[in-house]
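Okay, here's what each chain looks like letter by letter:
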Amino acid sequence: MRGEEAQVTLSMPEFNIIAAVAYREFGLKIIPEKMMMVQSRLRHRLRALNLPDFDAYSRILDTPQGIDERRFLVSALTTNVSHFHREPHHFDLLVKALAPELKQRIQAKERIRIWSAGCSNGQEPYSIAMRLLQVEPNLTQTDFRILATDIDPKVISFATEGAYGSRLLSGVPDKDRRRFFKEKPNHSIVSDELRKCVTFRELNLLATWPMRHQFDAIFCRNVVIYFDVETQEKLWPRFNASLAKRGVFFLGHSERIALPGKCGFKSIGPTAYEKCVAATGIPSTKIRGQNGTS
């Protein structure tokens with residue numbers, strides 16, 4: 001079957017159907033120049049489903065019964081590349097924003113919440129937890145949680161397990177590895193202290209957001225790069241509404257809010273923003289008609 005699979009090609013009409021589903025369901029903007037990439041990444045799905053060609057695949061995909069396959073689709077079309085302590089200046093800014101009041105808030109038993117939106121394999125939320133535990137070791141004794149969400153169920157499963165090989169741990173200093181990880185023969189597992197800080201959930205950012213409380217900080221790095229400008233502009237006020245007063249919002253190194261003041265933000269550093277006012281004209285909790293996941 002592998003030889004036959006290698007001969008199966010994706011036509012432009014079939015590509016258009018797949019691209020339309022990816023945009024409608026997940027906001028992924030896939031340009032025609034990515035057609036060969038889509039073909040390469042989805043050929044294994046033909047084999048898994050025992051389908052003869054991409055026409056049969058696209059017909060399954062674009063039906064109500066194709067909901068499970070659409071989850072495989074987003075996993076195949078997105079790249080889950082991350083590492084621990086990526087873009088360290090963001091963690092410095094987070095500490096700067098939270099540290100002055102952290103002890104008082106812990107003593108007052110106040111809720112402290114951070115959202116890692118697009119958490120990939122879990123390195124980002126675990127890095128946030130490590131950095132804040134270094135500043136305040138008593139965080140796990142108070143009402144502190146990091147919500148880590150991703151659209152891809154595979155990476156949520158991986159992150160929840162919290163088992164990382166040596167290559168994935170390359171950005172973690174030795175002292176942090178000793179404190180926050182349990183060494184196993186072929187990998188390391190996150191410690192109970194670290195695991196206690198993070199809750200992982202599957203979530204489509206274009207669907208309903210079920211969270212009822214605001215966050216002190218939101219990380220949404222290297223996620224909106226997959227979206228077109230229209231979709232991004234609908235997300236900014238939703239993120240603003242999800243932040244507490246003076247909450248901080250982080251994007252990836254190649255992402256920007258074009259007019260932050262219009263969305264209720266002000267820039268406080270490279271791809272880092274602070275909520276300064278509540279955004280006006282906030283759209284409904286859905287950008288389009290997707291069903292939410294919690």
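The structure under discussion appears in the preceding block.
Structure report, in brief. (Residues numbered from 1 in each chain as written. Predicted model: local features only at pLDDT ≥ 70, side-chain atom pairs only at ≥ 80, totals over all residues. Heavy atoms only, no water.)

Looking at the pattern of salt bridges
Keep this limit in mind: The working definition used for a salt bridge is a side-chain nitrogen of Lys or Arg within 4 Å of a carboxyl oxygen of Asp or Glu. Each helix is a run of DSSP H or I of at least 4 residues and each strand a run of E of at least 2, with the numbering of both proceeding from the N terminus. Relative accessibility under 20% of the residue-type maximum defines a buried residue, over 50% an exposed one, and the middle range a partly exposed one, all with a 1.4 Å probe and only protein chains included.
Within the structure shown, the criterion is met by 17 salt bridges. The shortest N-O distance in the salt bridge between Glu69 and Arg45 comes to 2.7 Å. One end of the pair, Glu69, is in helix H5 (residues 67-77); the other, Arg45, is in helix H3 (residues 35-49), and 24 residues separate them in sequence. The same class applies to Glu69 as to Arg45, namely buried. Two residues, Arg179 and Glu193, come together in a salt bridge whose shortest N-O distance is 3.1 Å. Residue Arg179 is found in helix H9 (residues 174-180), and its partner Glu193 is found in helix H10 (residues 192-195); the two are separated by 14 residues along the sequence. Looking at Arg179, the relative accessible area reads 35%, which means it is partly exposed. For Glu193, a relative accessible area of 24% translates into the label partly exposed. One network of salt bridges, with partners in common, ties together Arg24, Glu25 and Arg70.

Some details on the environment of Gln104
With respect to the helices and strands, the residue Gln104 is situated in helix H6 (residues 88-107). In sequence terms Gln104 and Pro125 are 21 residues apart; their C-alpha atoms lie 23 Å from each other.

Here we look at the side chain of Thr149
Put simply, the test is: Contacts were defined at the residue level, with two residues in contact if any of their heavy atoms lie within 4.5 Å.
Topologically, Thr149 is positioned in strand S2 (residues 144-150). Since its relative accessible area comes to 2%, Thr149 is described here as buried. Thr149 has contacts with Trp115, Ser116, Ala117, Gly118, Cys119, Ile156, Arg201 and Leu203, leaving out every residue within four places of it along the chain.

Structural notes on helix H7 (residues 123-135)
Note the cut-off: Expected span of a helix: the number of residues minus one, times 1.5 Å.
The terminal C-alpha atoms of H7 lie 19 Å apart, and with 13 residues this matches the ideal 18 Å at 1.5 Å per residue to within 8%. Of the residues making up H7, those classed as buried are Gln123, Glu124, Pro125, Tyr126, Ser127, Ile128, Ala129, Met130, Leu132 and Leu133.

Some points on the pairing of strand S7 (residues 215-220)
Heads up, the condition is: Pairing between two strands requires that DSSP report at least two bridges joining them. A clockwise course of the path from the first strand over the helix to the second, judged with the strands pointing away from the viewer, identifies a crossover as right-handed.
Burial analysis of S7 places 6 of its 6 residues in the buried class, the great majority of the element. Two elements, S7 and strand S8 (residues 243-251), share 5 bridges in a ladder whose sense is parallel. Of the residues in S8, the one forming a bridge with Cys220 is Leu251. What joins S7 to S8 is helix H11 (residues 229-242), and the crossover it makes is right-handed.

Here we look at the sheet that holds strand S1 (residues 112-117)
The following threshold applies: Where helices are involved, their axes are fitted lines through C-alpha atoms of the stretch in contact, as for all axes, and angles between N-to-C directions lie from 0 to 180°.
Across the sheet, which stays open at both edges, the 7 strands sit in the order S6-S2-S1-S7-S8-S10-S9 with mixed pairing between neighbours. Taken across any chain shown, the strands that pair with only one partner, and hence form the sheet edges, are strand S6 (198-202) and strand S9 (265-269). In this sheet, adjacent strand axes meet at a mean angle of 20° when their direction is disregarded. Across 4 bridges, the pairing between S9 and strand S10 (residues 272-275) is antiparallel. Looking across to S10, one finds that Ser267 is bridged to Tyr273. Sheet contacts for helix H8 (residues 153-161): S2 and S6; angle to S6, the most-contacted strand, approximately 160°. Relative to S8, H11 is tilted by about 135°, and along the sheet it contacts S1, S7, S8, S9 and S10.

Remarks on the packing of H6 against H7
Convention followed: Under this scheme an angle from 65 to 115 degrees is roughly perpendicular, one under 35 degrees roughly parallel, and one over 145 degrees roughly antiparallel; angles in between are oblique. Crossings are classed by handedness, with left-handed meaning an anticlockwise turn of the near helix from the far one by less than a right angle and right-handed meaning a clockwise turn. Under the scheme applied here, ten amino acids are nonpolar (Ala, Val, Leu, Ile, Met, Phe, Trp, Tyr, Cys and Pro), four are charged (Asp, Glu, Lys and Arg), and all others, including Gly, are polar.
For the pair H6 and H7, the least separation of the axes is 10 Å and the interaxial angle reads 45°. Accordingly, the angle class assigned to the pair H6 and H7 is oblique. Both H6 and H7 take part in a crossing whose hand is right-handed. Side by side, H6 and H7 meet where Pro88, Phe91, Asp92, Leu94, Val95, Leu98, Ala99 and Leu102 of the first sit next to Glu124, Ser127, Ile128, Arg131, Leu132 and Val135 of the second. Broken down by class, the residue content of the contact of H6 with H7 amounts to 10 nonpolar, 1 polar and 3 charged.

A word on the packing of helix H2 (residues 12-26) against helix H4 (residues 54-61)
Contact geometry of H2 with H4 gives a least axis separation of 9 Å together with a crossing angle of 25°. Judged by the angle between their axes, H2 and H4 are roughly parallel. The interaxial crossing formed by H2 with H4 has left-handed handedness. Contacts between H2 and H4 involve Glu14, Ile17, Ile18 and Val21 on the former and, on the latter, Phe54, Asp55, Tyr57, Ser58 and Leu61. Its residues placed into classes, the contact of H2 with H4 shows 6 nonpolar, 1 polar and 2 charged.

Overview of the packing of aromatic side chains
The cut-off we apply is this: Stacked, edge-to-face and tilted are the three classes for Phe, Tyr and Trp ring pairs, Trp counted by its six-membered ring, which pair at centre distances within 6.5 Å; planes under 30 degrees apart are stacked, over 60 edge-to-face, the rest tilted. Distance and angle both matter: a charge sits over a ring if NZ of Lys or CZ of Arg is within 6 Å of the ring centre and within 35 degrees of the ring normal.
What the rule picks out here adds up to 15 aromatic pairs. Note on Phe249 and Phe265: the rings are 5.4 Å apart at their centroids and 25° apart in plane angle, and the pair reads as stacked. Highlighted residues: Phe249 in strand S8 and Phe265 in strand S9, separated in sequence by 16 residues. Using a relative accessible area of 0% as the deciding quantity, one classes Phe249 as buried. Given the relative accessible area of 2%, Phe265 is considered buried. Joined through ring pairs, the aromatic side chains of Trp115, Trp209, Phe215, Trp236, Phe239, Phe249, Phe265 and Tyr273 make up one cluster. The ring of Phe72 is capped by Arg45, whose NZ or CZ atom sits 3.9 Å from the centre of that ring.

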